[in-house]
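Chain by chain, the residues run as shown.
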Amino acid sequence: ELKATNVLISVTPTPKTTIFNLQALGGEPKYTQAYLDACMEEYIALKTEMRTTTSDTALTRIIGQLDELDRNLRKYEEEEAAFKTNNNVVFIKEQVTSIATYLVQKNRQLDSLRNEFQLLTMLTLEQTLERQQKRDNVSDQKDLAGIPPNLLSSDYLRARQELQMRKAELQDWSTILRPKHPRMIALSEEIARRENLLRIFKDQSNEQLQSQRESISLQITNIEREIKELDVRSLDLSSKLAQYERIVASKQNVQTLRDNLQRAMQSIGVEKEINPDTVTMLDRASPAIPARGSLVKALVIATVLGLLAG
């Protein structure tokens, strides 16, 4: 109902503030005032619409992502349920731990047997028997290699020691007695018997030593086979456990991401409902007053035109 005229809008900010001062210059006072109010209202409406559109777009994207996460979450839950149906998770965990502990024990036993076999191969019979005797004399002996004590006879060592003592005795008596002396003859015969006995003990000890090597070799072979079987079983159980842990971890990651998006959606929804205005109108347009600048400008133009006409 107001007469429309051209209106010029000028905007100047107040220094060091976020306040903008709007001025309108037009030919009709009421129309100019209404035009300025309409401009401010339309600008606020535009900002509100932009904010609403942005919120709606964000909500739409979040809802789409939530739908996808829900599908993934259901998939991982179904995979977890299927895995638990076909496998006993608690039993698998206990088996993995038990097999790992047992493998450590078996590997230690295997190392001990290998060291024992290497020593039996490298040492001489006398060295092996002396070592065995020292081990047998240790109180509360615990053979890590699984070899029973006193496996090798110590008769050979005693026979050798007694033979050396008889030879020394014969050497002492030879300084004062003749070779045909009955004592010398008796000592010589005793030495011959003990040498024969020593050979017998030596042969028996060598047989026992060989038997011990073969026994240790069989133990090594059996333990190596057992360790290999346990490794295969442990690998299979570990693979199943890793598969289950991947399913659980994936489900937890999806659940965490879904919870974060759910909170973000709620935050956007609350912000949208509260709808805080980022731009507010401090004062509406004041009633129009004559513009002084327009009168001066009109007088200047009139003066110029008058001069040109003169």
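Parameters at a glance
- Residues numbered from 1 in each chain as written.
- Predicted model: local features only at pLDDT ≥ 70, side-chain atom pairs only at ≥ 80, totals over all residues.
- Heavy atoms only, no water.
- Helix = DSSP H or I, 4+ residues; strand = E, 2+ residues; numbered from the N terminus.
- Buried < 20%, exposed > 50% of the residue type's maximum accessible area, 1.4 Å probe, protein only.
- Contact = heavy atoms within 4.5 Å.
- Areas by Shrake-Rupley, 256 points an atom, 1.4 Å probe, with all protein chains shown as cover.
- Pairing = 2+ DSSP bridges.
- 1 Å grid on protein atoms, 1.4 Å probe; cavity = no way out; pocket = protein on both sides within 12 Å on 5 of 7 lines; lining within 4 Å.
- Points joined across faces, edges and corners; volume = space filled by probe spheres on them.
- Phe/Tyr/Trp six-rings, centres within 6.5 Å; stacked < 30°, edge-to-face > 60°.
- Lys NZ or Arg CZ within 6 Å of the ring centre and 35° of its normal.
- Salt bridge = Lys/Arg side-chain N within 4 Å of Asp/Glu carboxyl O.
- Expected span 1.5 Å × (residues − 1).
- Polar contact = N/O pair within 3.5 Å; in protein donor to acceptor, adjacent residues only side chain to side chain.

Enquirer: Which residues make up the overall build of the protein chain, and what are the values?
Expert: What the protein chain contains, in helices and strands, is 6 helices and 2 strands. When the helices and strands of the protein chain are read in sequence order from the N terminus, they spell out β-β-α-α-α-α-α-α. The buried share among the 310 residues of the protein chain stands at 23%. A separation threshold of at least 6 residues defines the contact pool for the protein chain, and within that pool the share at least 24 residues apart is 73%. Of the roughly 22200 Å² of accessible surface on the protein chain, 55% is carried by carbon and sulfur atoms.

Enquirer: Hey, could you go over the pairing of strand S1 (residues 7-13) for me, with residue numbers and the actual values?
Expert: Where S1 meets strand S2 (residues 20-26), 7 bridges bridge the pair, whose relative direction is antiparallel. In the strand pairing of S2, Thr12 is matched with Asn21.

Enquirer: Account for the layout of surface pockets, naming residues and giving values.
Expert: There is about 1200 Å³ of room inside the largest pocket. Lining of the largest pocket is provided by 38 residues; of these, Asn21, Leu22, Gln23, Leu36 and Met40 occupy positions nearest its centre. When residues of the lining of the largest pocket are traced back to their parent elements, those giving at least two are S1, S2, helix H1 (29-86) and helix H6 (292-309). Element by element, the count of residues in the lining of the largest pocket is highest for H1, at 8 residues.

Enquirer: Go over the packing of aromatic side chains, please, and point to the residues and values.
Expert: All told, the structure shown has 2 aromatic pairs when counted by the stated rule. Consider the rings of Phe83 and Tyr244, whose centres lie 5.4 Å apart with planes at 25 degrees: the pair is stacked. With Phe83 in helix H1 and Tyr244 in helix H5 (residues 182-274), this pair connects stretches of sequence that are 161 residues apart. The two residues Phe83 and Tyr244 agree in class, both being buried. Over the face of the ring belonging to Tyr76 we find Lys75, whose NZ or CZ atom lies 4.8 Å from the ring centre.

Enquirer: Could you give me a rundown of the pattern of salt bridges, with the residues and numbers involved?
Expert: On inspection of all chains with the given rule, the structure shows 12 salt bridges. In this structure, the salt-bridge partner of Glu80 is Lys84, at a minimum N-O distance of 3.4 Å. Residue Glu80 and its partner Lys84 are both found in helix H1; the two are separated by 4 residues, about one turn of the helix. Overall, Glu80 belongs to the buried group, its relative accessible area being 9%. One continuous salt-bridge network, built from bridges that share partners, spans Asp37, Glu41 and Arg284.

Enquirer: Describe helix H2 (residues 89-122), naming the residues involved and giving the relevant values.
Expert: Here H2 contains 34 residues, and its C-alpha end-to-end distance of 49 Å stays within 8% of the 50 Å for a straight helix at 1.5 Å per residue. Among all positions of H2, only Val89, Ile92, Gln95, Val96, Ile99, Leu103, Lys106, Leu110, Leu113, Glu116 and Leu120 are buried. Between the side-chain oxygen at the start of H2 and the backbone nitrogen of Val90 there is a gap of 3.3 Å, and the oxygen is on Asn88.

Enquirer: Explain the side chain of Gln95 residue by residue, including any values.
Expert: Considering the arrangement of structural elements, one finds Gln95 in helix H2. Residues within four places of Gln95 in sequence aside, it is in contact with Arg233 and Leu237.

Enquirer: Kindly report on unusual backbone geometry, identifying the contributing residues and their values.
Expert: Positive phi values are uncommon outside glycine, yet Lys16 reaches one of about 60 degrees. With respect to the helices and strands, the residue Lys16 is situated in the loop between S1 and S2.

Enquirer: Give a description of the environment of Leu36 that names residues and reports values.
Expert: Positionally, Leu36 belongs in helix H1. The buried category is assigned to Leu36, whose relative accessible area is 9%. When the C-alpha positions of Leu36 and Leu22 are compared, they lie 7.8 Å apart, and in sequence the two are 14 residues distant. Beyond its immediate sequence surroundings of up to four residues, Leu36 is in contact with Ile9, Leu22, Ala24 and Ala285.

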